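The lines below spell out each chain.
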Amino acid sequence: MESIERAVGVVTFRTSCRTLPARCPACMMPSWRVHGRYLRRLADAPVGGAPVAIELTVRRFKCLTARCSAVTFAEQIPGLTRPHARYTPLLRAVLTSIALTLAGRPGARLAAALSIRVAKDTLLQLLRTVPEPPPTLVRVLGVDDFALRKGDSYGTILVDLEARRPLDVLPGRDAAPLAAWLRGHPEVEIICRDRAGAYAEGARAGAPQAMQVADGWHLWRNLAEAVEKTVGAHNGCIRAAFAIPPAAKEPAAGDLVTKEPPTPETTSFVPPDGTLDSLGRPRRLVTRTIERYEAVQQRLAEGKTLAAIRRELRLDHSTVRRFARARSLDELLVKATNRATILDEYKTYLHQRWTDGCHDIPQLHRELREQGFTGDVQCVRRYFRPFKKPHSPRPKHPPAPDPEPRPAPKPRRVVRWIMTNPAHLTETDATELKEIRAACPELDAAARHVRDFADMMRDLRGELLPSWMERVLADDLPALHSLVNGLRRDHDAVTAALTTSWSSGQVEGQVTRVKLLKRMGFGRANLGLLRQRVLHSP
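Residues numbered from 1 in each chain as written. Predicted model: local features only at pLDDT ≥ 70, side-chain atom pairs only at ≥ 80, totals over all residues. Heavy atoms only, no water.

Examining the overall build of the protein chain
Part 1: The number of helices and strands found in the protein chain is 22 helices and twelve strands.
Part 2: Relative to its 538 residues, the protein chain shows a buried fraction of 40%.
Part 3: Look at the contacts in the protein chain between residues 6 or more apart in sequence, and 61% of them connect residues 24 or more apart.
Part 4: If you sum the accessible surface of the protein chain, you get close to 31100 Å²; carbon and sulfur atoms cover 53% of it. (Helix = DSSP H or I, 4+ residues; strand = E, 2+ residues; numbered from the N terminus. Buried < 20%, exposed > 50% of the residue type's maximum accessible area, 1.4 Å probe, protein only. Contact = heavy atoms within 4.5 Å. Areas by Shrake-Rupley, 256 points an atom, 1.4 Å probe, with all protein chains shown as cover.)

Overview of the packing of aromatic side chains
Part 1: Within the structure shown, the criterion is met by three aromatic pairs.
Part 2: On the numbers, 5.4 Å between centres and 80° between planes, the contact of Tyr 346 with Phe 373 is edge-to-face. One end of the pair, Tyr 346, is in the loop between α11 (329-337) and α12 (347-355); the other, Phe 373, is in the loop between α13 (361-370) and α14 (377-384), and 27 residues separate them in sequence. (Phe/Tyr/Trp six-rings, centres within 6.5 Å; stacked < 30°, edge-to-face > 60°.)

Structural notes on the side chain of Gln 532
Part 1: Turning to its location among the elements, Gln 532 is positioned in helix α22 (residues 527-536).
Part 2: On the basis of relative accessibility, which here comes to 7%, the residue Gln 532 falls in the buried class.
Part 3: In contact with Gln 532, not counting residues within four places along its chain, are Leu 100, Leu 127, Arg 128, Val 130, Glu 132 and Ser 537.

A word on the packing of α12 against α13
Part 1: Look at α12 against α13: their axes get within 11 Å of each other, and the N-to-C directions meet at 140°. Judged by the angle between their axes, α12 and α13 are oblique. For the element pair α12 and α13, the recorded crossing hand is right-handed. For the pair formed by α12 and α13, the contact residues are Tyr 349, Leu 350, Arg 353 and Trp 354 on the first element and Ile 361, Leu 364, Glu 367 and Leu 368 on the second.
Part 2: In terms of residue class, the contact of α12 with α13 is built from six nonpolar, no polar and two charged. (Axes fitted to C-alpha atoms, helices over the stretch in contact; angles between N-to-C directions. Parallel < 35°, antiparallel > 145°, perpendicular 65-115°, else oblique. Left-handed = near helix turned anticlockwise from the far one by under 90°. Nonpolar A, V, L, I, M, F, W, Y, C, P; charged D, E, K, R; others polar.)

Description of the environment of Ala 408
Part 1: Residue position: Ala 408 is located in the loop between α14 and α15 (411-419).
Part 2: Taking the C-alpha atoms as reference points, Ala 408 and Ala 241, 167 residues apart in sequence, are found 8.1 Å from one another.
Part 3: With residues up to four places along the chain from it excluded, the contact list for Ala 408 reads Ile 238, Arg 239 and Phe 242.

Comments concerning a nonpolar patch on the surface
Part 1: A surface patch of nonpolar side chains, amounting to about 400 Å² of accessible area, comprises Leu 20, Trp 32, Val 34 and Leu 64.
Part 2: Positionally, Leu 64 belongs in the loop between β6 (50-62) and β7 (72-74). (Patch = residues over 30% accessible without salt bridge, like charges linked within 9 Å, V, L, I, M, F, W, Y side chains within 5 Å. Salt bridge = Lys/Arg side-chain N within 4 Å of Asp/Glu carboxyl O.)

Observations concerning the sheet that holds strand β12 (residues 211-214)
Part 1: Here five strands make up an open sheet; going across it, the order is β10-β9-β8-β11-β12 and the pairing mixed. Here the strands that pair on one side only, and so sit at the sheet edges, are β10 (165-171) and β12. The average undirected angle you get between the axes of adjacent strands in this sheet is 25°.
Part 2: Two elements, strand β9 (residues 153-160) and β10, share six bridges in a ladder whose sense is antiparallel. (Pairing = 2+ DSSP bridges.)

Describing the nonpolar core
Part 1: Judged by nonpolar contacts, the single largest core of 55 residues is most densely connected at Leu 223, Leu 465 and Trp 468.
Part 2: Of all the elements, helix α17 (residues 441-459) adds the most residues to this core, at seven residues.
Part 3: Discounting chain neighbours no more than four positions away, the residues touching Leu 465 are Phe 453, Met 456, Leu 487, His 491, Val 494, Thr 495 and Leu 498. (Core = buried A, V, L, I, M, F, W, Y, C linked by side-chain atoms within 4.5 Å.)

Let's talk about the pairing of strand β11 (residues 190-193)
Part 1: Both faces of β11 are covered, namely the face carrying Ile 190 and Cys 192 and the face carrying Ile 191 and Arg 193.
Part 2: Across four bridges, the pairing between β11 and β12 is parallel. Considered in β12, the bridge of Arg 193 is made with Ala 214.

Some points on unusual backbone geometry
Part 1: In this model, Ala 103 sits at a positive phi of 65°, which is unusual for a non-glycine residue.
Part 2: Here Ala 103 is to be found in the loop between α1 (89-102) and α2 (105-113).
Part 3: Overall, the relative accessible area of 9% leaves Ala 103 in the buried class.
Part 4: Phi is positive for Leu 460, which is not a glycine, with a value near 55°.
Part 5: Within the fold, Leu 460 resides in the loop between α17 and α18 (465-473).
Part 6: Overall, the relative accessible area of 34% leaves Leu 460 in the partly exposed class.

So, the pattern of salt bridges
Part 1: In total, this model carries 21 salt bridges according to the counting rule given.
Part 2: In this structure, Arg 193 engages Asp 490 in a salt bridge whose closest nitrogen and oxygen atoms are separated by 2.8 Å. Here the residue Arg 193 occupies a position in strand β11, and Asp 490 occupies one in the loop between α19 (478-489) and α20 (491-497), the gap between them amounting to 297 residues. Residues Arg 193 and Asp 490 agree in their burial class; the two are buried.
Part 3: With its nearest N and O atoms 2.7 Å apart, the salt bridge here joins Arg 437 to Asp 444.
Part 4: Linked by salt bridges that have partners in common, Arg 299, Glu 302, Lys 304 and Glu 312 make up one network.

And the structure:
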């Protein structure tokens, strides 16, 4: 070390090397003959918030071997210099870590905050030069796709489920890239994947010796979607069950029946089901759904194809197919009206207070505010507007009101009750689900099948799958029949999912991490840069 000085906010270390001899990097022979000297400037990690520069006097030697291709060479100091490097190894490691974590522009901003001057292109270049991880043997492989640009381009991530780390990122989500990668890894024994047909085909072509395992979460989601369609098709049964007040139901045998004096008819409180707007008129979405359903069904009865109906009605093909496959109008109206609002959790309380005789909207709003409601009074007023009747002369002796019907639960809530472990349901939810199952044999059968499937997944009893599918096909449940047909096409992988403990849970977590890395790059990094960050970032 010759000197240290600080000028313009930069700490500069001046030094030189006097070690002899130096070895030629081409022929590795020592040389004592100094050909010349020059000044080399290296950037180092900051000290105390100040940038650091190292000015190193480097000697150039002449190679003493006549047959060597290198006539002269510059000396290198181990741990400090590399050929053509402008950063010390320490600073290069710091910048590489920043590039792996934040990529270009965000990394450059962080480096500037750390008193390191670096361009975003330099960080990207460091990111590209990170060496590939050494190849390793993988026994259990997880496969899943992620969107580079949703609806346009995708990628495939491969994860070693035993080592819990990503192995590679492939372009697209087709069978060919996966099959090619698997051919280079014949040691793969188990492949965990979702139920996409491309990955199943790629696994069969590239690793026929491997056992394929369908992901249990996707199986449960497919079952939930089938149950949701079933509930939507039988939503009328649910409304009919809840339209009868508890006091109006038939008395059981042995119950004491007392006759009440007849009372004049009164208008019942019927909570809105989402089909009416704030003025009590049918919503435009409901009206449009009814019109399209009738138009599609009429043209199907005339023998027209879906393509012809699409062109005539100027609708998307998926929309026409959805209206054509619907078993009833209720199934479509459920999706059109089943939308959550901030008032949903307070509707039971509002119904009770309105039945008790409190029709003062501001008062009801104040009571909801005390319970944590964040909406304004207009939200409550719009809810009651469809059934708020005009004022009429008040009789001297008002008749006793009839029992009011209860609000029917939304289909999504019924689906959640069916898909939830009965031991985890509240007493109220369990009671209402029991009433729904008693009123609708189809929903009762669907709930039974869900419980049996859940027992198979929990106890890893995949050998019971064939008998479960036969029981499902014996009931009139078209949505579950479609699910069974899909399970039959992927029978081996589904059976393995219900038998082994392997799943794609880790892969889903890696996909979430990939989405984070993609957004941190503002979606502007190509697949090569994203692959480097996925494989190397902590």
